[in-house]
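Report on the structure
So the chains spell out like this:
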2 protein chains.
Amino acid sequence: MKIVLDAFGGDNAPRATVVGGVQALRGKSGFSLILTGKAETIYSILKENAYDDVADRIDVIDCDEVITNDESPTVAIRKKTNSSLAVGLKALKERPDVEAFVSAGSTGAVLTGATLKVGRIKGISRPALAPVLPTVTGGDVMLLDCGANADCKPVNLVHFAVMGYNYMKAVYGLDNPRVALLSNGTEDHKGCQLTQETFKILKNIPSINFVGNMEARDILSGNYDVVVCDGFSGNICLKSLEGMSVATFSLIKQGVNNSFKSKVGAMLMKNVFKDIKKKMDYNSNGGAVFLGVEGVIYKAHGASTENTIKNTVLQAVHAVESNLVETIKNSLSTVDLENLILTE
Amino acid sequence: MKIVLDAFGGDNAPRATVVGGVQALRGKSGFSLILTGKAETIYSILKENAYDDVADRIDVIDCDEVITNDESPTVAIRKKTNSSLAVGLKALKERPDVEAFVSAGSTGAVLTGATLKVGRIKGISRPALAPVLPTVTGGDVMLLDCGANADCKPVNLVHFAVMGYNYMKAVYGLDNPRVALLSNGTEDHKGCQLTQETFKILKNIPSINFVGNMEARDILSGNYDVVVCDGFSGNICLKSLEGMSVATFSLIKQGVNNSFKSKVGAMLMKNVFKDIKKKMDYNSNGGAVFLGVEGVIYKAHGASTENTIKNTVLQAVHAVESNLVETIKNSLSTVDLENLILTE
């Protein structure tokens, strides 16, 4: 199995990407990596990291352009055909031996590039960016879409639900994932026009375990495995969670600095805080999968560290092993979506 | 100044509402309260609380129906004309001496009742439910709409922006409140169709201080005074913040229970945690104003305690003193909304 890693994508690239890639190879056997980007720089970082033990599992495709966050994704993907991102996606599309692509580069460029160069799975109206968040009960919840589609139609959300259900089943090994619709109340009639129409369709799909509407306050409760929403709402949900987390720890810090007693308390609780931050920082624990395209594609956070890259590469390997793309394709045949949506 | 208080609205009513009302009267002079609900029960609670010192500032309108959360708001408002909620709103509408209404009852019924019975301010397309949240810098931020309108058009969001700006100026005394649009990125071009269209209008309104798009992660940063969104997105933002707060404290508790050292630490940090919970629990600190109707209306949380009711009544008094309704009316004349929206 070959995974292509965009070595020049991300704020800490190429060092964090190259070193993270080497760590992933050391962490698991059975796959090899193709790094895209300036070969000279990549080899120099590899040498610094005494990569001899994994050298035969690393290949490099030399290319000298880099797509940054400041560029228009559509323009950049079209013009910078020799960028580490575009070259990587091209390899995934054209080479039968390449089975996944990982990048910490510009989200817009990864999504645009993936859709344009790798292409949608036939039958999927819109691919979705889908991070998996840790919950308080120790489980995980997939939230999709989280940013690929700001404006959605019911058919898009229905596809997200089917893809999310089958992803959590195949890749996370859940028996019968609970799929909920993000809404402004739990009652069946709650929601905006989009979610109300989507609700009516989802409740008529027997091949997914649709459990109804849910409220954003319960996203981390562990009561749901897949939460479906448009990309705008998903972004707001995700960023609000981050905002409150940052605010809470900032207030704890403020409070601790106000008294000696609580300073001592905070020292004694140091490990608790560290564990929580580590657990809840889903951005560092791995990447978000881009579901609905003709290949396994993971987008890691722009600020990815070596460890994030390592985890994301291993996620991609696991997704390939789980036959992700075939699973999504097969899932479509279990649902008569066309008919369900037309008859609503 | 007379404020009408729905004595039978809320999970802890009528005890919390009646006692909270008495506490508000004791906390500030210059206004009196009209309590709506079963007079016998109200007087019995008042007597238990030795209310002689404020007896001449309390009036009761006897009515025997109560609207619950389980009822359809529209049906309940139409049929239960003798409910504490409907009678209270009627008093606000019809009696010139009544200047504000406070309820911890069903949100749907309060909003529907306010719109139907009290009426919109001429020129405001949709009233908005607008809580004010504490920020990490010690300031406050108004988020609107937070649940009155699940589906919005740009004109609604523009009205929210104008109302929010003028509320924070008049009632919170801010000099030139910073108004932002909740979006999925800070760049001007980011957003869904609704926010992109709204953005174009807002940037052309010189009488409000529009600072552009903002991300949900910065809602509590203290960088904004008013954040504008549709009611669906607002609900998701608010509930996600709550969800992360609950999750964080739940994880802290789990972590603390795992070691003796951190248990001691948590004891020493008790006050810090208490302060943060108190500070961030905006639901207990007061109510959300319903902006855009022909009267001062505050909705307190369903689970309101005596203290919440006290704070919400005092908020209402302050809003009346700040000439809230006149302020909103005047604000419309400073903006050629009709023209702006038509020319976009």
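Cut-offs used in this document
- Residues numbered from 1 in each chain as written.
- Chains lettered and ligands numbered in written order.
- Predicted model: local features only at pLDDT ≥ 70, side-chain atom pairs only at ≥ 80, totals over all residues.
- Heavy atoms only, no water.
- Helix = DSSP H or I, 4+ residues; strand = E, 2+ residues; numbered from the N terminus.
- Buried < 20%, exposed > 50% of the residue type's maximum accessible area, 1.4 Å probe, protein only.
- Lys, Arg positive; Asp, Glu negative; His and termini not counted.
- Charge placed at Lys NZ, Arg CZ, Asp CG, Glu CD.
- Least-squares fit on C-alpha atoms with pLDDT ≥ 70 in both.
- Expected span 1.5 Å × (residues − 1).
- Contact = heavy atoms within 4.5 Å.
- Buried area = accessible area lost by both parts, 1.4 Å probe.
- Salt bridge = Lys/Arg side-chain N within 4 Å of Asp/Glu carboxyl O.
- Polar contact = N/O pair within 3.5 Å; in protein donor to acceptor, adjacent residues only side chain to side chain.
- Pairing = 2+ DSSP bridges.
- Axes fitted to C-alpha atoms, helices over the stretch in contact; angles between N-to-C directions.
- Left-handed = near helix turned anticlockwise from the far one by under 90°.
- Nonpolar A, V, L, I, M, F, W, Y, C, P; charged D, E, K, R; others polar.
- pLDDT = per-residue confidence, 0-100.

**Observations regarding the overall build of chain A**
For chain A, the count of helices and strands is 14 helices and twelve strands. Seen through its C-alpha atoms, chain A measures out along the principal axes to roughly 60 × 60 × 35 Å. Every one of the 344 residues in chain A was classed for burial, and the buried ones make up 58%. Each charge class in chain A was averaged separately, 36 positive and 37 negative side chains, and the resulting centres sit 4 Å apart.

**Looking at the relation of the copies chain A and chain B**
Placing chain A over chain B gives an RMSD of 0.0 Å and needs a rotation angle of 180°, together with 0.0 Å of translation along the axis. Such a combination of rotation and displacement between the chain copies is what one expects of a two-fold axis. Using C-alpha coordinates, one finds that chain A approaches the rotation axis most closely at Gly265 of chain A, a distance of 1.8 Å.

**Some thoughts on helix α6 (residues 154-170) of chain A**
Over its 17 residues, α6 of chain A extends 24 Å from the first C-alpha to the last, a length consistent with the 24 Å expected when each residue adds 1.5 Å. Among the 17 residues that make up α6 of chain A, 14 are buried, leaving the element largely enclosed by the rest of the structure.

**Considering the interface of chain A and chain B**
Residue-level contacts link 48 residues of chain A with 48 residues of chain B. Buried area between chain A and chain B, summed over both chains or domains, comes out near 4,400 Å², and the portion from carbon and sulfur atoms is 72%. Linking chain A with chain B are four salt bridges. Its salt-bridge partner being Glu242 of chain B, residue Arg217 of chain A comes within 2.5 Å of it at the nearest N-O pair. On inspection of chain A and its partner chain B, the count reaches ten residue pairs in polar contact (both at pLDDT 80 or more). Breaking the side of chain A that touches chain B down by element, the ones donating at least two residues are β8 (178-183), α7 (193-202), α8 (231-257), α9 (260-268) and α10 (270-280) of chain A. Sort the elements by how many residues they give to the side of chain A that touches chain B and α8 of chain A lands first, with 21 residues.

**What about the sheet that holds strand β6 (residues 132-134) of chain B?**
Residue and element names in this part refer to chain B. Strand order in this open sheet of five strands is β6-β7-β10-β8-β9, and the pairing throughout is mixed. Both outer strands of the open sheet, β6 and β9 (209-215), are each paired with one neighbouring strand and no more. Here the strands of the sheet are splayed against their neighbours by 30° on average, with no regard to which way each runs. Pairing of strand β8 (residues 178-183) with strand β10 (residues 226-228), which is carried by three bridges, proceeds in the parallel orientation. Of the residues in β10, the one forming a bridge with Ala180 is Val227. Contacts from helix α7 (residues 193-202) reach β8 and β9, with the element oriented near 160° to β8.

**Thoughts on the packing of helix α4 (residues 84-94) of chain B against helix α5 (residues 107-118) of chain B**
Residues and elements named next belong to chain B. Two elements in contact, α4 and α5, have axes separated by 10 Å at closest approach and are oriented at 35°. Of the two possible hands of crossing, α4 and α5 adopt the one that is right-handed. Together, Leu85, Ala86, Leu89, Leu92 and Lys93 of α4 and Ala109, Val110, Gly113, Ala114, Lys117 and Val118 of α5 make up the contact between the two elements. For the contact of α4 with α5, the residue count by class is eight nonpolar, one polar and two charged.

**Re the environment of Gly119 of chain A**
All names here are of chain A. With respect to the helices, strands and loops of the structure, Gly119 is situated in the loop between α5 (107-118) and β5 (128-130). Residues Gly119 and Asp281, spaced 162 residues apart in sequence, show a C-alpha to C-alpha distance of 31 Å. In this structure Gly119 touches Ala114, Val293 and Glu294, once residues within four positions along its chain are discounted.

**Section: the pairing of strand β7 (residues 140-144) of chain B**
Residues and elements named next belong to chain B. The buried fraction of β7 amounts to four of the five residues, a majority that puts the element mostly inside the structure. Across three bridges, β6 lies against β7 in antiparallel orientation. Within β7, the residue paired with Leu133 across the bridge is Val141. In this antiparallel pair of consecutive strands, β6 and β7, the connection spans five residues, and Gly138 shows a positive phi of 95°.

**Details of the sheet that holds strand β12 (residues 296-299) of chain B**
Residue and element names in this part refer to chain B. Reading across the sheet, the seven strands line up as β3-β2-β1-β4-β12-β11-β5 and stay open at both edges, with mixed pairing between neighbours. Looking at which strands have only one partner, the edges of the open sheet turn out to be β3 (58-62) and β5 (128-130). Pairwise comparison of adjacent strand axes, ignoring direction, gives a mean angle of 25° for this sheet. Alignment of strand β1 (residues 2-6) against strand β4 (residues 98-103), held across four bridges, turns out to be parallel. From the neighbouring strand, Lys2 faces β4, where its bridge partner is Val98. Here helix α1 (residues 15-27) sits on the sheet and contacts β1, β2 (32-37) and β3; the angle it forms with β2, its principal contact strand, is near 175°.

**A few points about the side chain of Ser183 of chain A**
Mapping Ser183 of chain A onto the fold places it in strand β8. Not counting chain neighbours up to four residues away, the residues in contact with Ser183 of chain A comprise Lys190, Gly191, Thr195, Asn213, Met214, Glu215 and Ala216 of chain A together with Phe232 and Asn235 of chain B.

**Points about the side chain of Ser322 of chain B**
Residue and element names in this part refer to chain B. Within the fold, Ser322 resides in the loop between α12 (306-321) and α13 (324-333). Taking the relative accessible area as the measure of exposure, Ser322 reaches 14% and is therefore buried. Setting aside residues no more than four positions away along its own chain, Ser322 makes contact with Ala170, Val171 and Thr327.

**Remarks on the confidence of the model for chain A**
Any residue range with low pLDDT should be treated as having predicted coordinates unsuitable for detailed reading. Of all residues in chain A, 97% attain a pLDDT of 70 or more, and the chain-wide mean is 93. Here the prediction assigns the complex a pTM of 0.93, and the interface score ipTM is 0.92.

**Let's talk about unusual backbone geometry**
Residue and element names in this part refer to chain A. Between Leu144 and the following residue, Asp145, the backbone shows a cis peptide bond with an omega angle of 5°. Here Asp145 shows up in the loop between β7 (140-144) and α6. Of note in the backbone geometry, Asn323 takes a positive phi value of approximately 55° without being a glycine. Within the secondary structure layout, Asn323 lies in the loop between α12 (306-321) and α13 (324-333).

**What to know about the pattern of salt bridges**
Overall, the coordinates contain 25 salt bridges over all chains when judged by the stated rule. Of the charged contacts in the structure, one is a salt bridge between Arg15 of chain A and Glu48 of chain A, with a shortest N-O distance of 2.7 Å. Highlighted residues: Arg15 of chain A in helix α1 (residues 15-27) and Glu48 of chain A in helix α2 (residues 39-48), separated in sequence by 33 residues. Note on Glu48 of chain A: relative accessible area 51%, which makes it exposed. Between Lys239 of chain B and Glu215 of chain A there is a salt bridge; the shortest N-O distance is 2.5 Å. With Lys239 of chain B in helix α8 (residues 231-256) and Glu215 of chain A in strand β9 (residues 209-215), this residue pair bridges two chains. The buried category is assigned to Glu215 of chain A, whose relative accessible area is 13%. What you see here is one network of salt bridges that share partners, running through Glu215 and Arg217 of chain A together with Lys239 and Glu242 of chain B.

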